[in-house]
Amino acid sequence: MADSEDTQTSITSTNTITTPTPATDKDKSNLCILLNATGNVPIIKKRTWTVDPNKTVSWIQKFIHKYLKLDASEQIFLYVNQTFAPAPDQIIKNLYDCHGTNGKLVLYYCKNQAWG
């Protein structure tokens, strides 16, 4: 008896960090990520997003690719705190626990390899 309404949207634009009340044990509060553009990639105006903590890095890359309406031949590279590129199968919660600062996980995105 899971609420399908709670799982329909897993990433939303926000100006402040909001913590929804969990409905079940597996439905944890969303994590706040900050997306910064680097290099010659278009800038996303809304920089702060809330994401399901169980999503992977590849899911974030696909979201950015779709949001920016890039060609299928163009790639998106993600970097954590301008230092390293996480593995595509890395869980966002793990990155947040290890590298989150001030209640946010800072991710930089670009079309070319930049750091790491």
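Before reading on, note that the structure itself is shown above.
Here goes a summary of the coordinates provided. As the structure is a computational prediction, the values presented were derived from the model and not from experiment.

Before going further, it helps to examine the pattern of salt bridges. If the charged atoms of two oppositely charged side chains come close together, the side chains can form a pair. Per the counting criterion, the structure on display carries 2 salt bridges. With its nearest N and O atoms 2.9 Å apart, the salt bridge here joins Glu74 to Lys111. With a gap of 37 residues between them, Glu74 in the loop between α1 (57-67) and β4 (77-80) and Lys111 in the segment after β5 (105-110) connect regions that are remote in the sequence. For Glu74, a relative accessible area of 24% translates into the label partly exposed.

Burial analysis of β5 places 6 of its 6 residues in the buried class, which makes it a mostly covered element. Side chains Leu105, Leu107 and Tyr109 project from β5 onto one buried face, and the interleaved Val106, Tyr108 and Cys110 project onto a second face that is buried too. Direction of pairing for strand β2 (residues 31-37) relative to β5: parallel, over a ladder of 5 bridges. Its bridge partner being in β5, Asn36 is matched across the sheet by Tyr108.

Our focus in this paragraph is the environment of His99. With respect to the element layout, His99 can be found in helix α2 (residues 92-99). For His99, a relative accessible area of 28% corresponds to the partly exposed category.

So, how was this worked out
Residues numbered from 1 in each chain as written. Predicted model: local features only at pLDDT ≥ 70, side-chain atom pairs only at ≥ 80, totals over all residues. Heavy atoms only, no water. Salt bridge = Lys/Arg side-chain N within 4 Å of Asp/Glu carboxyl O. Helix = DSSP H or I, 4+ residues; strand = E, 2+ residues; numbered from the N terminus. Buried < 20%, exposed > 50% of the residue type's maximum accessible area, 1.4 Å probe, protein only. Pairing = 2+ DSSP bridges.

Functional significance is not addressed by these values, which are geometric in nature.
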